[in-house]
Amino acid sequence: METTYNQELVATILEDNVAHELHTIQDFLRWTYSVFNRSDIYYGQGYDNAWDESLQLVLAGLQLPIDFPTELFPSRLTPSEKESLIQLVLTRIEQRVPVAYLTNSAWFCGHEFYVDERTIIPRSPISALIQERFEGVAKQTPQHILDLCTGSGCIAIACAYAFPDAEVDAVDLSVDALNVAEINIARHQMEHRVFPIQSNLFENIAGQKYDLIVTNPPYVDEDDLADMPEEFHFEPELALGSGKDGLDITKQILKQAPDYLTENGVLVCEVGNSMVSLIEQYPDIPFDWVELKNGGLGVFAISREELVKYQALF
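Remember, predicted model here, so these are calculated numbers, not experimental data.

Parameters at a glance
- Residues numbered from 1 in each chain as written.
- Predicted model: local features only at pLDDT ≥ 70, side-chain atom pairs only at ≥ 80, totals over all residues.
- Heavy atoms only, no water.
- Domains from an automatic or database assignment.
- Contact = heavy atoms within 4.5 Å.
- Buried area = accessible area lost by both parts, 1.4 Å probe.
- Salt bridge = Lys/Arg side-chain N within 4 Å of Asp/Glu carboxyl O.
- Buried < 20%, exposed > 50% of the residue type's maximum accessible area, 1.4 Å probe, protein only.
- Helix = DSSP H or I, 4+ residues; strand = E, 2+ residues; numbered from the N terminus.
- Pairing = 2+ DSSP bridges.
- Right-handed = clockwise from strand over helix to strand, strands pointing away.
- Expected span 1.5 Å × (residues − 1).
- Axes fitted to C-alpha atoms, helices over the stretch in contact; angles between N-to-C directions.
- Patch = residues over 30% accessible without salt bridge, like charges linked within 9 Å, V, L, I, M, F, W, Y side chains within 5 Å.
- Areas by Shrake-Rupley, 256 points an atom, 1.4 Å probe, with all protein chains shown as cover.
- Lys, Arg positive; Asp, Glu negative; His and termini not counted.
- Charge placed at Lys NZ, Arg CZ, Asp CG, Glu CD.

Participant: Can you lay out the domain arrangement of the protein for me, pointing to particular residues and giving the numbers?
Facilitator: Split into domains, the protein comes out as domain 1 (7–103) and domain 2 (117–313). Opposite the 12 residues of domain 1 that make contact, domain 2 presents 13 residues. Contact between domain 1 and domain 2 buries roughly 1,000 Å² in total, counting both sides, with carbon and sulfur atoms accounting for 64%. The interface formed by domain 1 and domain 2 holds two salt bridges in total. A salt bridge links glutamate 231 to arginine 92, with the nearest nitrogen and oxygen atoms 3.0 Å apart.

This is the structure in structure tokens:
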């Protein structure tokens, strides 16, 4: 039903001779916004509404920054620019490809990152904590940070911006994901502070100690994975699913993390909707469910001291 409806919309767009009728950036923003509102595409991979997705697609599609001056929106487009934007919009609604993959661009903590289908699209609510420099969560200013399951490297790089004197290890199991992270490390000129490491969790970083471990591991349970909108199936399943309850990898992290934290170290972990299952399975563990200013849910902090105290439960 969804595909049929969007195919009808695509046919209408082709009949409208859009390239002849639209001329400026402003025209294409309005038109893209209207088309997205008429379609049944799903939002939730960095943006939650049609207008923000329209801005990202049109501006990034023209190789323009997201803060491009609005007074220049009346600028006229060339025929090739028009055709390129029309094809991006058609692909978005007909094939349901996420905007970030169409434009190879996503924003996180105020910084732009390269993304493609080798990594999930940056959208972690941990961004609010990074922007506040983990105030009230970290027990000390971290000098050595671990971003576990780094994906595109966005959390690692954002942490490096937040803590200019810190070094950050960016760990991922996927070599493909690390190749994307390396692109972003180079683009942000962080080669001397952010270090990509291929490892199955802590396997290849034995002996390291961190003041702060930040992780957005795969945490989608089997039921949610099966019910996800089509857009999410463009993302690598390795970065999404984590067993029947969504907590297979999180439990490994909880068990092993104390060995890699300094005495006053803290683990910050995102588990999304699987927080319900985590609380049910470990009712006695004092997870600190962080209240996030960006409205996100499912992020907890726990100290090394508490992890050691309850380690037998994992």
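Having seen the structure, we can now continue with the description.
Participant: Report on the pairing of strand S3 (residues 144–148), specifying residues and quantitative values.
Facilitator: Burial within S3 is extensive, with five of its five residues counted as buried. Burial along S3 is two-sided: the residues His144, Leu146 and Leu148 and Ile145 and Asp147 are all buried. Of the pairings in the sheet, the one linking S3 to strand S4 (residues 167–172) comprises five bridges and is parallel in character. Each bridged residue has a counterpart across the sheet, and for histidine 144 the counterpart in S4 is glutamate 167. One crossover worth recording links S3 to the parallel S4 by way of helix H8 (residues 154–162), and it is right-handed. Pairing of S3 with strand S6 (residues 210–215), which is carried by four bridges, proceeds in the parallel orientation.

Participant: Would you mind going over unusual backbone geometry in detail, with residue names and values included?
Facilitator: Of note, asparagine 104 is a non-glycine position whose phi angle comes to about 55°, a positive value. Owing to a relative accessible area of 29%, asparagine 104 belongs among the partly exposed residues under this scheme. Notably, phenylalanine 134 is not glycine yet its phi reads approximately 55°, a positive angle. Tracing the chain through its elements places phenylalanine 134 in the loop between helix H7 (126–131) and S3. The class for phenylalanine 134 is buried, based on a relative accessible area of 1%.

Participant: Before we move on, could you go through the environment of glutamate 280 and cite the residues and values that matter?
Facilitator: Along the chain, the position of glutamate 280 falls in helix H12 (residues 275–281). Along the chain, glutamate 280 and alanine 226 lie 54 residues apart, while their C-alpha atoms are 22 Å from each other.

Participant: Break down helix H3 (residues 25–38) for me, with residues and values.
Facilitator: An ideal rise of 1.5 Å per residue puts 20 Å on 14 residues; H3 measures up with 20 Å between its terminal C-alpha atoms. Buried residues of H3: Ile25, Phe28, Leu29, Trp31, Thr32, Val35 and Phe36, and no others.

Participant: So what about the sheet that holds S4? Which residues, and what values?
Facilitator: Taking strand neighbours across the sheet as the criterion, the seven strands line up as S5-S4-S3-S6-S7-S9-S8 in an open arrangement whose pairing is mixed. Lying at the two open borders of the sheet, with one neighbouring strand each, are strand S5 (194–198) and strand S8 (288–289). As paired elements, S8 and strand S9 (residues 299–303) share two bridges and run antiparallel to each other. Note on S9: the bridge partner recorded for tryptophan 289 is phenylalanine 300. Contacts between helix H11 (residues 248–256) and the sheet are confined to S3, S6, strand S7 (261–270) and S9, with S7 contributing the most and set at about 170° to the helix.

Participant: Got a sec to walk through a negative patch on the surface? Specific residues and values, please.
Facilitator: The grouping of Glu222, Asp223, Asp224, Asp227 and Asp248 at the surface amounts to a negative patch. Tracing the sequence through the fold places aspartate 224 in helix H10 (residues 222–227).

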